Every structure is written in structure tokens, then in C-alpha cells.
Amino acid sequence: MDQLKHILVVDDNSEIRDLLAKYLGQHGYRVSTANGGRQMRQLLESGSADLIILDVMMPEEDGLSICRSLKDAGGPPVIMLTALGEEADTIVGLEMGADDYVSKPFSPRELLARVKAVLRRVDTLSVSKPEVISTGKRKFAGWVLDMNQQQLEKSDGLIVPLSTAEYRLLDVFLSNPRKVLSRDQLLDMTKGREALPFDRSIDNQVSRLRKKIEADPKNPTLIKTVWGGGYSFTAEVESL
């Protein structure tokens, strides 16, 4: 849960360190701070972090180099703090493996939303995804999903094309049958970095997908709504 997540803030500006430590702490996170790469490594030697907020511009060792060393070592996810307008730093940071970035000056509320989104993506990786065999087809409830053609075929031969969004959503459901997936998990698994913090388009996508695969979309039996939880795909799935 969020209350157990440990955030490490690395910035040479003490005011920013103190601000983020206080704000994130008020929102249920355990926060440690470091004034640079050396202190950060000392803290990581004595304990782990679930996410690192890392400033790009620091005097001794810049954040880009630190990010690269963290990713090379298989370290935790990183959100980079970049100066407004420093597009080159942002691009290089993402290429080096940063999970997101926020430009200074920033709103603590925006940063909090980014922190939650990155941590959700990391948690989503724990949702198992079975190996897809070479035929690239899956069978469920009288339907066959052709993953190469991105289309559905019914047992009577009816072909139903899928939009990219519908295909991604169905792929996630077929990869995780009979598991309750929250809206946030579905959003991250289908849209990733494109997702907005308060995006609720998943409900619309589920509605459109139900119209294509459910016998009665108003009384769905394949994609069930779990009140307070999200959605669950109920059918048996078979790889062909």
C-alpha cells in the first residue's frame, strides 16, 4: 500500500528536499532525502527505496549520470526534476531509463500524481502475463482473438475488427482471466505513459468492447464490473 512506499528525494537544494519530504510525508509516504549522489548511495546501502525523485542539475554528479548508474544496476524507478525548457535533459533522461519527469518550477500536487502513476505501473508488473505461443491466437467463449491481425473471429465465421484501444484492453483481459483489475491498473497496462493522472476512459473502452463480444452488453457475463474494485474477465482462455 502507498503508506509503506519509501520515496528517496535527491536534490542539492535543501528547500526543495524539505518541501517534498513534508508534502509526500503528509500523503502517507515514508521519505528520505539526499543532497547528491554520494549521500543517495549511502542511504541505498542501508535500505531500499521504492522510487527516487532525482534532480538533473547538481554540482558534484549530475542526475543524468546517477540515473544511468541506477538503471544499469537494476535500481528503483526514477522521476527526474528538470529545469523548465531543458528539453535535451528530458530526452536524455528518458533514454537513460527515467520513468517520468517534472519540470521546475512544479506543483507538489502534480508531482504527487506522477509518483502515484509510476508506482502503479511498477505494481502492475507483478500481474502475471502468460506466454503467447507462435500462432498468436487465443480462444474464449466462442471467440478467437487473432493477435497478428488484431481482429476477432466468432465460431460462425463472423469477423469483428478491433480498434487499437479495444485490442489492447482485450489482450490485457485475456492475459489475466478471473483477476480483478482496477481501473488504474487497466489504464497503465493499456496506455502506459500516455495516461493522464485522472483519466477514466477505461469505462468507455470497456463499454465499447462489451458491445462487440457480449451477447447482451447491458447484462454482461464476460467482463464483469466489480464494484469498488474494477473489472474481471470471467471466461476460460485457451491459447491455440
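Up top is the structure these notes are about.
Residues numbered from 1 in each chain as written. Predicted model: local features only at pLDDT ≥ 70, side-chain atom pairs only at ≥ 80, totals over all residues. Heavy atoms only, no water.

Caption draft 1: The sheet that holds strand 1 (residues 6-10), seen in detail. Read across the sheet, five strands follow the order 2-1-3-4-5 without closing on themselves; strand pairing throughout is parallel. Each of the sheet's edge strands pairs with one partner strand only, and the pair in question is strand 2 (30-34) and strand 5 (100-104). Within the sheet, the average angular offset between the axes of one strand and its neighbour, ignoring direction, is 20 degrees. Set on the sheet, helix 2 (residues 37-46) makes contact with strand 1, strand 2 and strand 3 (51-55); between it and strand 2 the angle comes to about 140 degrees. Set on the sheet, helix 3 (residues 63-72) makes contact with strand 3 and strand 4 (78-83); between it and strand 4 the angle comes to about 170 degrees. (Pairing = 2+ DSSP bridges. Helix = DSSP H or I, 4+ residues; strand = E, 2+ residues; numbered from the N terminus. Axes fitted to C-alpha atoms, helices over the stretch in contact; angles between N-to-C directions. Contact = heavy atoms within 4.5 Å.)

Caption draft 2: Representation of the side chain of Glu166. Tracing the backbone shows Glu166 in helix 6 (residues 164-175). Exposure remark for Glu166: the relative accessible area of 5% places this residue in the buried category. Of the polar contacts made by the side chain of Glu166, one reaches the backbone nitrogen of Ser163; its length is 2.9 Å. Ignoring any residue separated from it by four or fewer positions in sequence, one finds Glu166 in contact with Pro161, Arg208, Leu209 and Lys212. (Buried < 20%, exposed > 50% of the residue type's maximum accessible area, 1.4 Å probe, protein only. Polar contact = N/O pair within 3.5 Å; in protein donor to acceptor, adjacent residues only side chain to side chain.)

Caption draft 3: Structural context of the environment of Glu238. If you trace the backbone, Glu238 turns up in strand 13 (residues 238-239). By relative accessible area, Glu238 is classed as partly exposed at 44%. With 101 residues separating them in the primary sequence, Glu238 and Lys137 have C-alpha atoms 8.6 Å apart.

Caption draft 4: Focus on the pairing of strand 1. Strand 1 sits mainly inside the fold: five of its five residues count as buried. Residue alternation in strand 1 divides its side chains into two sets, His6, Leu8 and Val10 and Ile7 and Val9, and both sets are buried. Of the strand pairs in this sheet, strand 1 and strand 2 are connected by five bridges, and their pairing is parallel. Across the sheet, the residue bridging to His6 is Arg30, located in strand 2.

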